[in-house]
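What follows is the residue order along each chain.
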Amino acid sequence: MTDDHDLALAMLRWQVEMGADEAVGDTPVNRLAAPPPPPPKSAEPRLATPQAARAPQALALEPVQESVSTARRIAQGCNSLDELREALLRFDLCPLRATATNLVFADGNPDSGLMFIGEAPGADEDRQGLPFVGASGKLLDRMLAAIGRDRTSAYITNTIFWRPPGNRTPTPLESELCVPFLERHIELVRPKMLVLLGKQAATVVLETADGITRLRGKWKSYTRSGLDLPVMPTYHPAYLLRNAPAKREAWRDFLEVKSRLDSTNGV
Ligand code: URA
């Protein structure tokens, strides 16, 4: 065995001990290689890069707005959930698509009347192409069971349709590009009620900067696209997995949802 081999093995072991459990790219990156030459001045990027999204002053505003308008035009042109899913499969303006394995569109019964919106797919969801199938999803299933529902009597999606690398919070640009599809998604499903799981869903759907602790447990309204739906924001299951005492409040929120559904004769 060479020194290089031992060193590489030691570095790999160290990364595993630090919690790395997957590769982030299929091709290795040679960080010692010379940087690529800068693009010619005339080559305008179609989209702001994720780096630019983190530095608003550097945003190429026009291309971003154009991309959001394109997303809106495409989403509005879809007249069924199948069309919307197909359109997202083809949509290549969201940078997350390049690093994701699968599109994660939705799961459950769109005719159930009850629509849950989470944040973004994680590693398990990315692998299976379905929302909430990992640890958070198992808890969500138990919470649904507690109000007498399962995935045949609830519909589940996310604000973001591709996994952000390393489960980081989606950037404003990524959210903006997915919003037109989310709005059309809600419009096509026409649920009787929305339940928002966590801060990202509450921020995007309710267009508010308030935190989830302040928002949860109080009925809000969704009044876009000619709809007027009751909305219950509550904690994200991933948060509940880390903060067991908050389950009591989430349980109250779910009971609120059940009682409103029961009083409107179910859905
Ligand atoms: N967390 C989410 O917000 N959505 C998923 O689909 C899985 C985990």
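Treat the numbers as computed from the prediction; the structure is a model and nothing was measured.

A.B. asks: Report on the layout of surface pockets, specifying residues and quantitative values.
C.D. replies: Taken as a whole, the largest pocket spans an internal volume of roughly 670 Å³. Glu 119, Ala 120, Ser 136, His 236 and Ala 238 are, among the 27 residues lining the largest pocket, the residues nearest its centre. The element best represented in the lining of the largest pocket is helix 11 (residues 237–242), accounting for 4 residues. Of the residues in the lining of the largest pocket, the class split is 12 nonpolar, 9 polar and 6 charged.

A.B. asks: Tell me about empty space enclosed by the protein, and name the residues and values.
C.D. replies: Taken as a whole, this structure holds 1 cavity of 30 Å³ or more when the rule is applied. Val 179, Leu 182, Glu 183, Ile 186, Val 204, Val 205, Tyr 222 and Arg 224 are the residues that line the largest cavity. For the lining of the largest cavity, the secondary-structure elements that each account for two or more residues are helix 8 (172–189) and helix 9 (199–206). Counting residues per element, the lining of the largest cavity draws most heavily on helix 8, which supplies 4 residues. Considering only residue class, the lining of the largest cavity consists of 6 nonpolar, no polar and 2 charged.

A.B. asks: Explain the nonpolar core residue by residue, including any values.
C.D. replies: One finds Phe 105, Phe 116, Ile 117, Trp 162, Ile 186 and Leu 194 to be the most contacted residues of the largest nonpolar core, which totals 65 residues. Take this core: its biggest share by element is 8 residues, from helix 8.

A.B. asks: Go over the sheet that holds strand 6 (residues 229–234), please, and point to the residues and values.
C.D. replies: Within the open sheet, the 6 strands sit side by side as 1-3-2-4-6-5. Their pairing is mixed. The open sheet has two edge strands with one neighbour each: strand 1 (107–108) and strand 5 (220–222). Inspection of the sheet shows strand 2 (residues 114–118) paired to strand 3 (residues 155–158) by 4 bridges, in the parallel sense. Each residue of the ladder has a partner; that of Phe 116, found in strand 3, is Ile 156. Strand contacts of helix 9: strand 2, strand 4 (193–197), strand 5 and strand 6, with the helix running at about 135° to strand 4, the strand carrying the most contacts.

Reading guide: rules and limits
- Residues numbered from 1 in each chain as written.
- Predicted model: local features only at pLDDT ≥ 70, side-chain atom pairs only at ≥ 80, totals over all residues.
- Heavy atoms only, no water.
- 1 Å grid on protein atoms, 1.4 Å probe; cavity = no way out; pocket = protein on both sides within 12 Å on 5 of 7 lines; lining within 4 Å.
- Points joined across faces, edges and corners; volume = space filled by probe spheres on them.
- Helix = DSSP H or I, 4+ residues; strand = E, 2+ residues; numbered from the N terminus.
- Nonpolar A, V, L, I, M, F, W, Y, C, P; charged D, E, K, R; others polar.
- Core = buried A, V, L, I, M, F, W, Y, C linked by side-chain atoms within 4.5 Å.
- Buried < 20%, exposed > 50% of the residue type's maximum accessible area, 1.4 Å probe, protein only.
- Pairing = 2+ DSSP bridges.
- Contact = heavy atoms within 4.5 Å.
- Axes fitted to C-alpha atoms, helices over the stretch in contact; angles between N-to-C directions.

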